[in-house]
Amino acid sequence: MRVVTTAQPRQAVELDVQPSPLALLLLGREADPRSERGVECPGDLPSPSDPDLVERARAAKEKLGDKVFVLGHHYQRDEVIQFADVTGDSFKLARDAAAKPEAEYIVFCGVHFMAESADILTSDDQKVVLPDLAAGCSMADMATAEQVAECWDVLTDAGIADSVVPVSYMNSSADIKAFTGKHGGTICTSSNAQRALDWAFEQGDKVLFLPDQHLGRNTAVRDMGMSLDDCVLYNPHKPNGGLTVEQLRNAKMILWRGHCSVHGRFSLESVEDVRARIPGVRVLVHPECKHEVVAAADEVGSTEYIIKALDAAPAGSKWAIGTELNLVRRLANAHPDKEVVFLDKTVCFCSTMNRIDLPHLVWTLESLAEGTLVNRIEVDRETESFAKLALERMLALP
């Protein structure tokens, strides 16, 4: 690929720039079955303007009967969530699927890492399907198996790997979960991150937290009383993560340079602005938000916590919610007696989650009803074994 840049007016300089594999994926010029981007679905999708889409989805689901179990993540569109048999966050949905052994097909209306987790936890007879293979997670993509293996080499060279316990957020690929299991670590959710870290510090002196820096930092500092100086940020795009051996040895929390593209948009200015606009408003944010946002909020909690907090809130109360817009809008509609607003003025959906739309769901259900298995997510046996080990350690947490 040749890029032309202008150094001075009317003077063009040509530079040979070789695109990275990730850049090729983003441009749609390559495909990688382990990536959550750059993958196209086969077959023809029905037109999004088809007025019969809802009836077609209903008919196909009815034809499949108990053979299909549809999972709907909280961040999904309303047009999709209406066909979900259960709704919830990623881990809850994966466990719900495992508790439904009679369902031959698990249709996961979520993103790639969620479908992987469902495949890991369900039986070999069950087939997990993702309606759009390009429905990924930018956060999960920020930590690849190769990058994490290189990070472990850096920790080994620094002489601290034996005292480091990896803790990986549920929002990670099966490869990262497997790495975690193989190296004696555990998985966590946004609800049990503190319990996971308490356990990890009983096993070793330091934690490598993957892949969301904000959840790791907020849990360590806000919930466990550590200081910001106890945390260092490992950047996989810099030699040695951009850290010195001394910094690695002195740190308690080695945070991966990853974040949620939605929750990372909220800023301290967002909080200050909404407080000025809506007197008496309570700010409730997800722990994937930046540390300064979490510190300025009234309440912090997981998706399930946010839902329960709104359910329990008194009539007339005012809330600014810092999480994905589909959920915030759904909560506002469910609580007309309360004022519920999105924390930021800029509308922000999770773009990859929103790839699961009604045409993709209809195509998936109709294909399955006709006996054609599409878009199966299948984790290889070795990866599944170590990933399940990490998940089982989480399930055993006190």
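Anything mentioned here points back to the structure above.
The structure presented is a predicted model; accordingly, all values stated were derived computationally and were not measured.

Student: Outline the sheet that holds strand β4 (residues 86-88), listing residues and values.
Tutor: Taken in spatial order, the five strands make up an open sheet running β4-β3-β5-β6-β16, and their pairing is mixed. Each end of this open sheet is capped by a strand with a single partner; those strands are β4 and β16 (376-377). Pairing of strand β6 (residues 127-129) with β16, which is carried by two bridges, proceeds in the antiparallel orientation. Note on β16: the bridge partner recorded for V128 is I377.

Student: Could you give an account of the packing of aromatic side chains, with specific residues and numbers?
Tutor: Under the counting rule described, the total for this entry stands at three aromatic pairs. Taking the centre distance of 5.3 Å and the plane angle of 25° together, the rings of Y234 and W256 count as stacked. Taken together, the positions of Y234 in strand β10 (residues 231-234) and W256 in strand β11 (residues 253-256) put the pair 22 residues apart, joining distant regions of the chain. Judged by its relative accessible area of 2%, Y234 falls in the buried class. A relative accessible area of 0% places W256 in the buried class.

Student: Lay out the pattern of salt bridges with the relevant residues and their values.
Tutor: Throughout the structure, instances matching the rule amount to 17 salt bridges. Between R58 and E55 there is a salt bridge; the shortest N-O distance is 3.3 Å. In this pair, R58 and E55 both sit in helix α2 (residues 53-64), three residues apart, roughly one turn of the helix. The exposure class of E55 is partly exposed, given its relative accessible area of 46%. Among the salt bridges present, the one from R56 reaches E366, with a minimum N-O distance of 2.8 Å.

Student: Go over the pairing of strand β5 (residues 105-109) with me, naming the residues and quoting the values.
Tutor: Taking burial as the measure, the five residues of β5 include five buried ones, the bulk of the element. Covered by surrounding structure in β5 are Y105, V107 and C109 together with I106 and F108, the residues of both alternating faces. Direction of pairing for strand β3 (residues 68-73) relative to β5: parallel, over a ladder of five bridges. Directly across from G72, in β5, lies its bridge partner C109. Two elements, β5 and β6, share three bridges in a ladder whose sense is parallel. Note that in β6 the partner of Y105 across the bridge is K127.

Student: Let's hear about the sheet that holds β11: which residues, and what values?
Tutor: Sheet architecture is open: five strands sit in the order β8-β7-β9-β11-β10, paired in parallel fashion. Single-partner strands in this sheet number two, and they are β8 (186-188) and β10. Ignoring strand direction, the axes of neighbouring strands in this sheet form an average angle of 25°. Looking at chain direction, strand β9 (residues 206-210) and β11 are connected through three bridges and run parallel. Note on β11: the bridge partner recorded for F209 is L255. Along the sheet, helix α9 (residues 193-203) makes contact with β7 (164-169), β8, β9 and β11, crossing β7 at roughly 165°.

Student: So what's going on with helix α16 (residues 358-369)? Residues and values would help.
Tutor: Relative to the 16 Å expected for twelve residues at 1.5 Å per residue, α16 spans 16 Å between its end C-alpha atoms, a close match to the ideal helical length. Counting buried positions along α16 gives eleven out of twelve residues, so the element sits mostly inside the fold. Along α16, the residues classified as buried are L358, P359, H360, L361, V362, W363, T364, L365, S367, L368 and A369. Trailing α16 by a residue or two, G371 shows a phi angle of about 90°, which is positive.

Cut-off values and rules
Residues numbered from 1 in each chain as written. Predicted model: local features only at pLDDT ≥ 70, side-chain atom pairs only at ≥ 80, totals over all residues. Heavy atoms only, no water. Pairing = 2+ DSSP bridges. Helix = DSSP H or I, 4+ residues; strand = E, 2+ residues; numbered from the N terminus. Phe/Tyr/Trp six-rings, centres within 6.5 Å; stacked < 30°, edge-to-face > 60°. Buried < 20%, exposed > 50% of the residue type's maximum accessible area, 1.4 Å probe, protein only. Salt bridge = Lys/Arg side-chain N within 4 Å of Asp/Glu carboxyl O. Axes fitted to C-alpha atoms, helices over the stretch in contact; angles between N-to-C directions. Contact = heavy atoms within 4.5 Å. Expected span 1.5 Å × (residues − 1).

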